[in-house]
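Structure at a glance
Residue-level listing of the chains:
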Amino acid sequence: MEKFKLTIFGAGNVGTALAVTLTKNSDFAIQLVDHNEDALHRARALNIDAGFRALRGGEELDPILSDQDMAVSAVPNIAVPRIAAAAARAGVHYLDFSAAKDQTRSILEPLSQRRAVMTGCGASPGIVENIAFGLLREFSPVSDLIIRLGAIPRYPNNRLGYGQIWNVDGLIDEYTLPSMAIRNGQLVALSPLEDYERFCAEGVNYEAFATSGGVDCLKLLSDSTLRNATFKTIRYPNHLDYMRFLLDDLDLRNRRDMLKSLLYNGLPVIEDDVVLVVVTARGYRGRQPTERTVCHRFASVRSLGPFNALTQLAAGYAGSLISALQEGSIPLQGTVVQHGGEMAELLSSPYLSPLLVD
């Protein structure tokens with residue numbers, strides 16, 4: 001059987017982790033492409049069974065994709081449209097990890113008439129939508145939904161209970177940009193860090209509050225019959241108090257460079273993290289108020305490389321989708337919606353099941 005040929009653009013953590021994940025399956029032939037020689041060198045050091053290609057400045061992407069089946073964009077958001085355009089010209093399947101912008105959607109729309117197009121295939125956007133919609137399908141009717149997601153240290157050792165787990169700029173955006181929510185059936189904007197709560201999951205106390213993440217998920221939910229829906233970030237107790245001190249009392253909300261420097265230089269890089277997804281649905285059975293919560297914890301697996309749980313989860317979810325496409329269980333053309341899959345089947349896949357913590 002001929003191998004499924006896949007080019008991953010971006011040899012950063014997510015792109016390299018996806019290459020490691022997919023090379024466990026002999027059905028794939030992987031090519032890892034980046035303009036950064038140091039990133040490629042680090043990927044080579046992992047002894048991945050893949051091809052490596054250094055991208056020169058201004059080099060055309062079309063020849064790279066001329067004999068490929070799929071292009072994966074694991075690059076910063078600003079570079080995504082270039083990869084998407086190359087995939088559209090080459091007529092290959094496409095996947096990325098970013099929330100689709102209008103520009104990217106317009107580039108990919110003609111491609112979706114011929115090939116499978118998958119956008120936002122990481123943790124969020126990505127697997128969290130699948131978990132949330134899976135609960136909605138099982139537990140109906142639902143009036144209120146709370147989606148909570150957090151990548152947090154497994155062993156917190158400072159007052160913030162936090163560290164560098166993902167991009168610091170992205171973290172600051174989450175904490176300072178308006179948060180979207182559904183209230184009385186309408187999509188509205190909340191002030192950052194609103195709707196604070198404390199909750200307990202499997203005997204551990206956490207706190208959660210609204211952040212700017214999850215906009216795509218809430219836009220999808222705004223077409224449903226939900227009365228209220230909120231997307232929240234999970235942290236350990238008292239984290240928000242310390243962040244409010246930095247953002248409000250010290251006014252670092254308006255001095256982003258200083259806040260970024262403080263967090264980047266003061267917080268440790270966390271390699272041993274967990275990703276916690278807790279989704280709660282509330283509704284009525286007759287006159288009886290009813291509630292159901294699903295909780296999933298994901299941790300990193302060292303055999304899958306030196307990547308944290310958040311990175312491996314994004315790679316594992318994308319790997320599950322790519323494998324489903326290669327096997328024919330995902331249509332070979334059209335825009336693939338992230339909330340259309342069977343969650344139990346995805347979580348039992350060889351790409352995600354090793355990450356699940358019982």
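Residues numbered from 1 in each chain as written. Predicted model: local features only at pLDDT ≥ 70, side-chain atom pairs only at ≥ 80, totals over all residues. Heavy atoms only, no water.

1. Brief notes about the pairing of strand β12 (residues 228-235)
Heads up, the rule is: For every residue, the accessible area (1.4 Å probe, protein chains only) is compared with the maximum for its type, and the residue is labelled buried under 20%, exposed over 50%, or partly exposed between those bounds. Helical segments are the DSSP runs of H or I of at least four residues, strand segments are the runs of E of at least two, and each set is numbered from the N terminus. When DSSP finds two or more bridges between two strands, those strands count as paired.
Among the eight residues in β12, eight count as buried, and that is most of the element. Going residue by residue along β12, you find N228, T230, K232 and I234 tucked away on one face and A229, F231, T233 and R235 tucked away on the opposite face as well. Note that strand β7 (residues 144-153) and β12 share six bridges and pair parallel. Its bridge partner being in β12, L149 is matched across the sheet by T233. As defined by bridge partners, strand β8 (residues 179-183) adjoins β12 across three bridges and the pair is classed as antiparallel. Paired with I182 across the bridge in β12 is A229. Direction of pairing for strand β11 (residues 204-210) relative to β12: antiparallel, over a ladder of four bridges. Considered in β12, the bridge of A208 is made with I234.

2. Considering the packing of helix α6 (residues 168-176) against helix α9 (residues 256-266)
Put simply, the rule reads: Axes here refer to lines fitted to C-alpha atoms; in helices the fit is confined to the stretch in contact. Angles between the N-to-C directions go from 0 to 180 degrees. These descriptions rest on fixed angle ranges, namely under 35 degrees for roughly parallel, over 145 for roughly antiparallel, 65 to 115 for roughly perpendicular, and the rest for oblique. With the far helix as reference, a near helix turned anticlockwise by less than a right angle produces a left-handed crossing, and one turned clockwise produces a right-handed crossing. Any two residues whose heavy atoms approach within 4.5 Å at even a single point are treated as in contact. As a working rule, the residues Ala, Val, Leu, Ile, Met, Phe, Trp, Tyr, Cys and Pro are called nonpolar, Asp, Glu, Lys and Arg charged, and the rest polar, with Gly in that last group.
It is at 10 Å that the axes of α6 and α9 come closest, and there the two elements cross at 125°. In terms of their interaxial angle, α6 and α9 are classed as oblique. Viewed along their axes, α6 and α9 form a crossing whose handedness is right-handed. Touching V168, D169, L171, I172, D173 and T176 of α6 are R256, L259, K260, L263 and Y264, all from α9. Across the contact of α6 with α9, the residue classes break down as six nonpolar, one polar and four charged.

3. A word on unusual backbone geometry
With an omega of 5°, the peptide bond running from S124 to P125 counts as cis. Its location among the elements puts P125 in the loop between β6 (116-118) and α5 (127-138). For L193, which is not glycine, the phi dihedral falls at a positive 75°. If you trace the backbone, L193 turns up in the loop between β9 (186-190) and β10 (197-201). The backbone of E202 shows a phi angle near 55°, a positive value even though the residue is not glycine. Relative to the elements of secondary structure, E202 occurs in the loop between β10 and β11. Since its relative accessible area comes to 59%, E202 is described here as exposed.

4. Here we look at the sheet that holds strand β15 (residues 334-335)
Spatially, the seven strands line up as an open sheet ordered β3-β2-β1-β4-β5-β6-β15, and their pairing is parallel. One side of each edge strand has no neighbouring strand; the edge strands of this open sheet are β3 (51-54) and β15. Both strand β4 (residues 70-73) and strand β5 (residues 93-96) contribute to a ladder of four bridges, which runs parallel. Considered in β5, the bridge of M70 is made with H93.

5. As for the packing of aromatic side chains
Spelled out, the test is: Stacked, tilted and edge-to-face pairs are distinguished by plane angle, under 30 degrees for stacked and over 60 for edge-to-face with tilted covering the rest, among Phe, Tyr and Trp rings (Trp via its six-membered ring) whose centres lie within 6.5 Å. Geometrically, a charge over a ring is one whose NZ (Lys) or CZ (Arg) sits within 6 Å of the ring centre while staying within 35 degrees of the ring normal.
In total, this model carries four aromatic pairs according to the counting rule given. A connected cluster of aromatic rings, assembled from ring pairs, spans F199, Y206 and Y236. In this structure, R148 packs its charged tip against the face of F199, placed 4.9 Å from the ring centre.

6. What about empty space enclosed by the protein?
Convention followed: With a 1 Å grid laid over protein atoms only, a set of points is called a cavity when a 1.4 Å probe fits there but cannot get out and a pocket when it is open yet has protein on both sides within 12 Å along at least five of seven lines; lining residues have an atom within 4 Å of a point. Grid points are joined across faces, edges and corners, and a volume is the space filled by probe spheres set on the points.
One pass over the full model with this rule turns up three cavities of 30 Å³ or more. Estimated volume of the largest cavity: approximately 50 Å³.

7. Topic: the pattern of salt bridges
This is how the line gets drawn: By definition, a salt bridge exists where a carboxyl oxygen of Asp or Glu is found within 4 Å of a side-chain nitrogen of Lys or Arg.
Across all of its chains, the model carries 18 salt bridges by this definition. The shortest N-O distance in the salt bridge between D195 and K232 comes to 3.9 Å. Of this pair, D195 sits in the loop between β9 and β10 while K232 sits in strand β12, and the two are 37 residues apart along the sequence. You can call K232 buried: its relative accessible area is 3%. By sharing partners, the salt bridges in this structure join R148, R183, D195, E197 and K232 into a single network.

8. Quick word on the environment of A151
Topologically, A151 is positioned in strand β7. Its relative accessible area of 10% is what places A151 among the buried residues. Distance from A151 to I165, taken between C-alpha atoms, is 7.1 Å for residues 14 residues apart in sequence. A151 has contacts with Y162, I165, R235, D273, V274, V275 and L310, leaving out every residue within four places of it along the chain.

9. Details of the side chain of D144
The line we're drawing: Identification of polar contacts relies on pairs of N or O atoms within 3.5 Å, with a donor-acceptor requirement for protein atoms, meaning one able to donate a hydrogen and the other able to accept it, and with residues adjacent in sequence counted only if both atoms are side-chain atoms.
Residue placement: D144 occurs in strand β7. Here the side chain of D144 touches S143 through a polar contact of 2.8 Å, side chain to side chain. A distance of 2.7 Å separates polar atoms of two side chains, one belonging to D144 and the other to N228.

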